[in-house]
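Here is what each chain is made of, one letter per residue.
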Amino acid sequence: MPAERAYDIVLFGATGFTGGLTADYLAAHAPAGTRIALAGRNPAKLAAVAERLGGLCAPGVEVPALLPADAGDPVSLARLAADARVVISTVGPYLRYGEPLVAACAAAGTGYLDLTGEPEFVDTMYLRYHAQALATGARLIHAAGFDSIPHDLGVLFTVAQMPTGVPLAVNGYVQARGTFSGGTYHSAIGALARVREAGRIARQRQALERAGAPVDGRRVRGAARPPHRVEVAGGWVLALPLIDAQIVLASARALPEYGPDFRYGHYLAAGSLANVALILSAVGGLAVAAQAGPTRRLALKLRLPGDGPDEATRARSRFRVTFAAEGGGETLTTWVAGGDPGYGETSKMLAEAALCLAFDDVPACAGQVTTAQALGRPLIDRLISAGIEFGTDSRPAATPA
Ligand SMILES: NC(=O)c1ccc[n+]([C@@H]2O[C@H](COP(=O)([O-])OP(=O)(O)OC[C@H]3O[C@@H](n4cnc5c(N)ncnc54)[C@H](OP(=O)(O)O)[C@@H]3O)[C@@H](O)[C@H]2O)c1
């Protein structure tokens, strides 16, 4: 970790909805003496954020410095990456804006964290920058919010309590109540419009990983069943083809403690069969609208970037992910739970992950890495201290399918 840089943490995107919440959290929770800067393209908006933070900063934390940077200006991003130990980006959609900053951090050996939920972006960044980051020592961590920290660290937490050296099967069941921001909505429509390209890039990544993988005989597989009932999930569950399973499987490939044969299934706990049908038809409708230019533009007008749920809505929002594990003759149920998944808890998770990367004694690694691989137990401990629950059920669990 380069210690001689001007800033410990630079946040790119503080003028946006999630970036603003992340800036508030960092200012209020960073340890005394943390050197924070906010980077963005609009000096007046950045100055307004800094003024708000003036009333929030923890003792010994100064109002952040402001750095001009634009996603379309690689020189400004190279300067930003060279001045920071850790960079956070909340500038999305990442498929549109994200690559130049990842390139700058990979080149400068700078720690990088983002909130992307776009699998094509993560795979493309792996293909283009993983090898360079291995060489410079940069740790490039994607999906460091509700996508995919509770799932990735929840599985790590679960596996640590299971027998070692045996095949393990884990299923995660997600329950979430809340709404989404304009930025998230635009990112989701963008990803839905490119499912074919995303599949092609994912296959290229798989081919590269197979070619370079150490032959240690371990197997790591995803598992997705059609809708079915699961007792620990409280009813019907529906396979979730989100980035979370991809991240959990990347952690399983990187960490030998996941055992010789690891399977992970990722599901939405939908409750009733009627909910399953409703969700399938809503997502199907959006996916169809996203395919053609005119309907896509119409769909994008429904939510604007910069908008997000108000404080009262966020206060009512909750999440719980239940994990059911089986292996070596044992079964176990665990959970991760917290408040507003999309924004309140996401900004907390992202800021704590950045503080963890900057200041904690974390595992040595480099390249494109996951939160389980790069931050592991120190980040679980931070999140527990920050009010996110990690729990273990002492009752016998239902055997996962
Ligand atoms: N996975 C998760 O759990 C999770 C949760 C929340 C959000 N997210 C993701 O996080 C991203 C941000 O969401 P949001 O709702 O916070 O979005 P938002 O409110 O629209 O904010 C976007 C930010 O990007 C900045 N930006 C846009 N173009 C730029 C450019 N060319 N150069 C520099 N900055 C630029 C904007 O700056 P200006 O103010 O100058 O326009 C703003 O600060 C989205 O991709 C969303 O999907 C993920």
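Residues numbered from 1 in each chain as written. Predicted model: local features only at pLDDT ≥ 70, side-chain atom pairs only at ≥ 80, totals over all residues. Heavy atoms only, no water.

Colleague: Would you mind going over the overall build of the protein with me for this structure?
Modeller: Helix and strand counts for the protein come out as 16 helices and 15 strands. The principal-axis extents of the C-alpha atoms in the protein amount to approximately 55 × 45 × 40 Å. Looking at the protein as a whole, 51% of its 401 residues qualify as buried. Taking contacts inside the protein between residues at least 6 apart in sequence as the whole, the part at least 24 apart equals 80%. Summed over all atoms, the accessible surface of the protein reaches about 17,200 Å², with 57% contributed by carbon and sulfur. Counting 36 positive and 35 negative side-chain charges, the protein places the centres of these two groups 7 Å from one another. (Helix = DSSP H or I, 4+ residues; strand = E, 2+ residues; numbered from the N terminus. Buried < 20%, exposed > 50% of the residue type's maximum accessible area, 1.4 Å probe, protein only. Contact = heavy atoms within 4.5 Å. Areas by Shrake-Rupley, 256 points an atom, 1.4 Å probe, with all protein chains shown as cover. Lys, Arg positive; Asp, Glu negative; His and termini not counted. Charge placed at Lys NZ, Arg CZ, Asp CG, Glu CD.)

Colleague: Would you take a moment to explain the packing of helix H8 (residues 182-192) against helix H12 (residues 293-300) for this structure?
Modeller: For the pair H8 and H12, interaxial distance at closest approach is 10 Å and the crossing angle is 165 degrees. Relative to H12, H8 is oriented roughly antiparallel. As for the relative orientation of H8 and H12, their crossing is right-handed in sense. The segment H8 lies against H12, with Tyr-185, His-186 and Ile-189 engaging Arg-296, Ala-299 and Leu-300. Its residues placed into classes, the contact of H8 with H12 shows four nonpolar, one polar and one charged. (Axes fitted to C-alpha atoms, helices over the stretch in contact; angles between N-to-C directions. Parallel < 35°, antiparallel > 145°, perpendicular 65-115°, else oblique. Left-handed = near helix turned anticlockwise from the far one by under 90°. Nonpolar A, V, L, I, M, F, W, Y, C, P; charged D, E, K, R; others polar.)

Colleague: Teacher, can you tell me more about the pattern of salt bridges here?
Modeller: Two side chains carrying opposite charge are able to pair once their charged atoms lie near each other. What the rule picks out here adds up to twelve salt bridges. We note a salt bridge from Arg-205 to Asp-123, for which the minimum N-O separation is 3.1 Å. Pair noted here: Arg-205 is in helix H9 (residues 195-212) and Asp-123 is in helix H6 (residues 119-136), with a separation of 82 residues, a long-range link. Taken together, the shared-partner salt bridges connect Asp-8, Arg-35 and Arg-85 into one network. (Salt bridge = Lys/Arg side-chain N within 4 Å of Asp/Glu carboxyl O.)

Colleague: I keep staring at the packing of aromatic side chains and nothing clicks. Help me out?
Modeller: On inspection of all chains with the given rule, the structure shows six aromatic pairs. Here Phe-17 and Tyr-343 contribute two aromatic rings whose centre-to-centre distance is 5.3 Å and whose plane-to-plane angle is 75 degrees, an arrangement assigned as edge-to-face. Of this pair, Phe-17 sits in helix H1 (residues 17-29) while Tyr-343 sits in the loop between strand E13 (330-338) and helix H14 (344-359), and the two are 326 residues apart along the sequence. The residues Phe-17 and Tyr-343 share a single accessibility class, namely buried. The aromatic ring of Tyr-126 is capped on one face by Arg-205, whose charged end is 3.9 Å from the ring centroid. (Phe/Tyr/Trp six-rings, centres within 6.5 Å; stacked < 30°, edge-to-face > 60°. Lys NZ or Arg CZ within 6 Å of the ring centre and 35° of its normal.)

Colleague: What is the right way to read the site of the ligand from this model?
Modeller: Lining the immediate environment of the ligand, one finds 30 residues, of which Thr-15, Arg-41, Lys-45, Ser-181 and Ser-187 sit closest. Here Gly-16 contributes a backbone N or O atom positioned 2.9 Å from an oxygen atom of the ligand. For the ligand, an oxygen atom lies 2.8 Å from a polar atom in the side chain of Thr-18. At the level of elements, H1, helix H4 (94-97) and H8 are the ones that each hand at least two residues to the shell around the ligand. Looking at side-chain class alone, the shell around the ligand contains eleven nonpolar, 15 polar and four charged residues. Residue-level mapping places the shell around the ligand at the junction of two domains, with at least three residues from each of domain 1 (7-145 + 346-379) and domain 2 (149-341 + 388-393). (Near = heavy atom within 4 Å. Polar contact = N/O pair within 3.5 Å; in protein donor to acceptor, adjacent residues only side chain to side chain. Domains from an automatic or database assignment.)

Colleague: Got a minute to help me understand the sheet that holds strand E14 (residues 367-369) in this structure?
Modeller: In sheet architecture, strand pairing relies on hydrogen bonds along the backbone and comes in two forms, parallel and antiparallel. Spatially, the seven strands line up as an open sheet ordered E3-E2-E1-E4-E5-E6-E14, and their pairing is parallel. At either margin of the open sheet sits one strand with a lone partner, and together these are strand E3 (65-68) and E14. Sheet twist, expressed as the average angle between the axes of neighbouring strands with direction ignored, equals 20 degrees. As paired strands, strand E2 (residues 36-40) and E3 are joined by four bridges and run parallel to one another. In the sheet register, Ala-37 faces E3, and the bridge partner there is Ala-65. Contacting E2 and E3, helix H2 (residues 43-54) crosses the sheet at an angle of about 150 degrees to E2. (Pairing = 2+ DSSP bridges.)

Colleague: Help me out: how do you make sense of the pairing of strand E10 (residues 235-239) in this one?
Modeller: Consecutive side chains of a regular strand alternate in pointing toward one face of the sheet and then the other. Relative to E10, strand E9 (residues 228-230) runs antiparallel, the two sharing three bridges. Opposite His-228, over in E10, you have Val-237 as the bridge partner.

Colleague: I tried to follow the side chain of Asp-244 on my own but got confused; where do I start?
Modeller: Note that Asp-244 resides in helix H10 (residues 243-254). It turns out Asp-244 is buried and unbridged, and the closest side chain with the opposite charge, Arg-205, is 13 Å from it. Excluding residues that lie within four positions of it along the chain, Asp-244 makes contacts with Phe-146, Asp-147, Ser-148, His-151 and His-266.

Colleague: Just to check I follow, could you spell out the environment of Gly-327 for this structure?
Modeller: Among the secondary structure elements, Gly-327 is positioned in strand E12 (residues 318-327). Along the primary structure Gly-327 and Val-170 are separated by 157 residues, whereas in three dimensions their C-alpha atoms are 8.8 Å apart. Residues within four places of Gly-327 in sequence aside, it is in contact with Met-162, Pro-163, Val-166, Pro-167 and Leu-168.

Colleague: How should the packing of helix H7 (residues 149-159) against H10 be read in this particular structure?
Modeller: Geometrically, a packed helix pair is captured by the angle between its two axes and the distance between the axes. H10 packs onto H7 with a crossing angle of 35 degrees between their chain directions and a minimal axis gap of 9 Å. With respect to the hand of their crossing, H7 and H10 are arranged in right-handed fashion. Contacts between H7 and H10 pair His-151, Asp-152 and Val-155 from the former with Asp-244, Ile-247, Val-248 and Ser-251 from the latter. Tallied by class, residues from the contact of H7 with H10 come to three nonpolar, two polar and two charged.

On their own, these measurements won't tell you what the molecule is for.
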